[in-house]
Amino acid sequence: MSEVAAGFRELYGYEPDGVWAAPGRVNLIGEYTDFNEGFVMPLALPHTAVVAVARRADGVLRLHSADIEGPVVELRSDALAPLSGAGWAAYPAGVVWALREAGHAVGGADVHLASTVPTGAGLSSSAALEVVTALALRDLYELPLSAGELAALAQRAENAFVGVPCGIMDQTASACCVEGQVLHLDARDLSRRQIPFDLPAHGLRLLVVDTRVQHALGDGAYAERRAGCERGARELGVRTLREVPHARLADALRELSSPVVRGCVRHVVNENARVERVAALLAAGDVRGVGPVLTEGHASLRDDLRVSCAELDLVVETAVSAGALGARMTGGGFGGSAIVLVEEAGADRVAKALAVAFETAGLAAPRLFEATPSPGARRMR
Ligand code: ADP
Ligand code: MG
């Protein structure tokens, strides 16, 4: 935190008005469901994007990242154009644009940032960056915006300004998660429920395994799966796949035109039911019972939606064979990260098995860390 403030001072030659932090996230369950108005259940990571920011009266926006080689990016807050390809700076600039588009009187700012959220690992470094920028500007410009509204504006920045068609989960997780809890989000009405997720109390751990691969396939495939879901909804005569009850799934599948669309529908409807099963298990204190639901979710992403890859499958198979309670890919897939739910006493065995499996397959060692449910976006000073 203090390094980011010091970095600001060194860069701009004066004190920032404040320092803010927003976390990356992992999704426990509920993948490819948010844009179908379904359920998701993310938790915030201890890894954060941190910004030191000062308000400027002249409308100038200066952006700098300690993590990117390159000069300060200088823009005018009243002359921002969507899809103008400003590289990394499009994320914070997009937030300024989205706030202004929504009618909020945001002017200039000097911004210096640094992030510990790994980028491109499916852990939402982009949402952390957007949300932390939105929060800082809300505070500095005294805007009457709730955490949920900040998340929606951050999503709009990513969709319309950066040009990435993401759902609402990542920004909501970063803005609204609470320490020690998972967030149950209904992406239809955006209602949120915090559910206690105290793994140490149950003798359990949740590991994040970053495969450190990202297959180029990913971007186009995400859009394709979205299109498949939309087509499924159209063929079934519903607005979104959220409207398809689990009990109607078998009938619904018979009405669909192609195996691809059937796979999309089967995944989304089953995945929504899995989120609700996990919510019920957690409410009943049966955290171990969540494990098999994760592994089932992975099979669905692999076989029905077909967004996994060899490295993610290797993590899941290896972890489960080594005694994990359950595991699944998390995030968009085609690389990125997987999560593993494991007994505290079995965590080392799983970690070793993963190291051996990756080495045997000729792959670079995956990066492992523990996911402790951490606080959402906040002001640090
Ligand atoms: P993910 O959100 O899964 O990490 P994305 O591709 O959505 O992956 O977002 C990563 C992008 O976000 C980076 O390529 C960069 O443009 C931007 N970004 C994330 N963290 C930083 C950072 N610390 N400094 C500058 N840009 C960042
Ligand atoms: Mg992202």
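Numbers given for residues are sequential positions, taken from 1 along each chain in its written order. All chains are assigned letters beginning at A, and all ligands numbers beginning at 1, according to the order in which they are written. Given that this is a predicted model, residues contribute local features only at a pLDDT of at least 70 and side-chain atom pairs are listed and counted only at 80 or more, while totals for whole chains, interfaces and linings are drawn from all residues. For the side-chain quantities, the full set of heavy atoms in the structure was used; hydrogens and water were omitted.

Draft legend 1. Focus on the site of ligand 1. The criterion for a residue being near a molecule or strand is simple. One of its heavy atoms has to lie within 4 Å of it. In the vicinity of ligand 1 there are 16 residues, among which Ser65, Asp67, Gly120, Ser125 and Ser126 approach most closely. Ser65 has a polar side-chain atom sitting 2.7 Å from a nitrogen atom of ligand 1. A distance of 2.8 Å separates an oxygen atom of ligand 1 from a polar backbone atom of Gly120. Counting from the N terminus, the helices are the DSSP runs of H or I reaching at least four residues and the strands are the DSSP runs of E reaching at least two. Of all the elements in the fold, those that place two or more residues in the shell around ligand 1 are strand 5 (108-115) and helix 3 (125-140). Examining the composition of the shell around ligand 1, we find that three residues originate from one element, helix 3, more than from any other. Basically, the charged four are Asp, Glu, Lys and Arg, the nonpolar ten are Ala, Val, Leu, Ile, Met, Phe, Trp, Tyr, Cys and Pro, and anything else, Gly included, counts as polar. Residue classes in the shell around ligand 1 are distributed as seven nonpolar, eight polar and one charged. Two N or O atoms count as a polar contact when they lie within 3.5 Å, although within protein this holds only if one can serve as hydrogen donor and the other as acceptor, and sequence-adjacent residues are included solely when both atoms are side-chain atoms.

Draft legend 2. Main features of the domain arrangement of the chain. Each domain's extent is set by a domain assignment, obtained either automatically or from a database. On domain assignment, one finds that the chain holds domain 1 (2-194) and domain 2 (198-370). With centres defined by C-alpha atoms, the gap from domain 1 to domain 2 works out at 26 Å. For this analysis, residues touch if any pair of their heavy atoms sits within 4.5 Å. Counting from both sides, the interface comprises 33 residues of domain 1 and, opposite them, 40 residues of domain 2. The buried area of a pairing is the accessible area, by a 1.4 Å probe, that goes missing from both parts when the two are put together, added over both. Buried surface at the junction of domain 1 and domain 2, summed over both partners, amounts to about 3000 Å²; 60% is from carbon and sulfur atoms. The largest per-residue losses of area from domain 1 upon contact with domain 2 belong to Ile29, Glu31 and Tyr32, which jointly make up 25% of the total buried on that side. Salt bridges are defined as contacts in which a side-chain nitrogen from Lys or Arg sits within 4 Å of a carboxyl oxygen from Asp or Glu. On inspection of domain 1 and its partner domain 2, the count reaches four salt bridges. For Glu31, the salt bridge goes to Arg328, with nearest N and O atoms at 2.7 Å.

Draft legend 3. A look at unusual backbone geometry. With a phi angle near 65°, Ser124 is a residue other than glycine that sits in the positive phi range. Assignment of secondary structure puts Ser124 in the loop between strand 5 and helix 3. Each residue gets one of three labels from its accessible area relative to the maximum for its type: buried under 20%, exposed over 50%, partly exposed in between, using a 1.4 Å probe on protein chains only. Ser124 sits in the buried class, given a relative accessible area of 9%. In this model, Arg306 sits at a positive phi of 60°, which is unusual for a non-glycine residue. Positionally, Arg306 belongs in the loop between helix 9 (290-303) and helix 10 (310-321).

Draft legend 4. The arrangement of helix 10 in detail. The span one expects for a helix is its residue count, reduced by one, times 1.5 Å. Helix length check: helix 10 (12 residues) gives 16 Å between terminal C-alpha atoms against 16 Å at 1.5 Å per residue, within 8%. Every buried residue of helix 10 is listed here: Glu311, Leu312, Asp313, Leu314, Val315, Val316, Thr318 and Ala319. In the segment just after helix 10, Gly323 is the residue with positive phi, at about 105°.

Draft legend 5. Region of interest: the packing of helix 3 against helix 4 (residues 147-162). Here an angle of 0 to 180 degrees is reported between the N-to-C directions of two axes, which are lines fitted to C-alpha atoms, with helices fitted over the stretch in contact. One can describe the packing of helix 3 onto helix 4 by two numbers: an axis separation of 9 Å at closest approach and a directional angle of 125°. The angle between helix 3 and helix 4 falls in the class oblique. Between helix 3 and helix 4 the crossing geometry is right-handed. Every residue of helix 4 that contacts helix 3 at Ser126, Ala127, Glu130, Val131, Ala134, Leu135 and Arg138 is listed here: Ala147, Leu150, Ala154 and Glu158. Split into classes, the residues belonging to the contact of helix 3 with helix 4 amount to seven nonpolar, one polar and three charged. Each angle receives one of four descriptions, namely roughly parallel if under 35 degrees, roughly antiparallel if over 145, roughly perpendicular if within 65 to 115, and oblique otherwise. Note: crossing handedness is left-handed where the near helix turns anticlockwise from the far helix by less than a right angle, and right-handed where it turns clockwise.

Draft legend 6. Structural detail: the packing of aromatic side chains. Pairing of aromatic rings covers Phe, Tyr and the six-membered ring of Trp, with a centre-to-centre limit of 6.5 Å; geometry is then stacked below 30 degrees between planes, edge-to-face above 60, and tilted otherwise. Under the criterion given, the structure shown has six aromatic pairs. Here the aromatic rings of Phe8 and Tyr14 are separated by 5.3 Å at their centres, their planes lie at 80°, and the arrangement is edge-to-face. Among the residues examined, Phe8 registers a relative accessible area of 0% and is labelled buried. You can call Tyr14 partly exposed: its relative accessible area is 32%. Consider the rings of Tyr32 and Tyr222, whose centres lie 5.6 Å apart with planes at 45°: the pair is tilted. Of the two residues, Tyr32 is situated in the loop between strand 1 (18-29) and strand 2 (39-56) and Tyr222 in helix 6 (residues 218-236); the sequence distance between them amounts to 190 residues.

Draft legend 7. Structural view of the side chain of Asp186. Looking at the element boundaries, Asp186 is found in strand 6 (residues 181-186). Under the relative-accessibility criterion, Asp186 is labelled buried at 7%. Excluding residues that lie within four positions of it along the chain, Asp186 makes contacts with Glu37, Gly38, Phe39, Ser191 and Arg242.

Draft legend 8. Region of interest: the nonpolar core. Take the buried Ala, Val, Leu, Ile, Met, Phe, Trp, Tyr and Cys residues and link them wherever side-chain atoms come within 4.5 Å; each set so joined is a nonpolar core. Among the nonpolar cores identified, the biggest contains 80 residues, and Leu28, Met41, Phe197, Leu206 and Leu282 are the most heavily contacted of them. Counting only domains with at least three residues in this core, you end up with domain 1 (2-194) and domain 2 (198-370). When neighbours within four sequence positions are excluded, Met41 is seen to be in contact with Asn27, Leu28, Ile29, Val182, Leu183, His184, Ile195, Val275, Val278, Ala279 and Leu282. Leu249, Leu301, Ala327 and Ala357 belong to the second-largest nonpolar core, a separate cluster that totals 43 residues.

Draft legend 9. Quick peek at the pairing of strand 6. With six of its six residues buried, strand 6 lies for the most part within the structure. Both faces of strand 6 are covered, namely the face carrying Gln181, Leu183 and Leu185 and the face carrying Val182, His184 and Asp186. In the sheet, strand 6 pairs with strand 7 (residues 192-196) via five bridges, with the strands oriented antiparallel. Considered in strand 7, the bridge of Val182 is made with Ile195. In textbook terms, the turn of a hairpin is the stretch between consecutive antiparallel strands, and for strand 6 and strand 7 this stretch comprises five residues, one of which, Leu190, has a positive phi near 65°. Paired strands, as defined in this entry, are two strands with at least two bridges between them according to DSSP.

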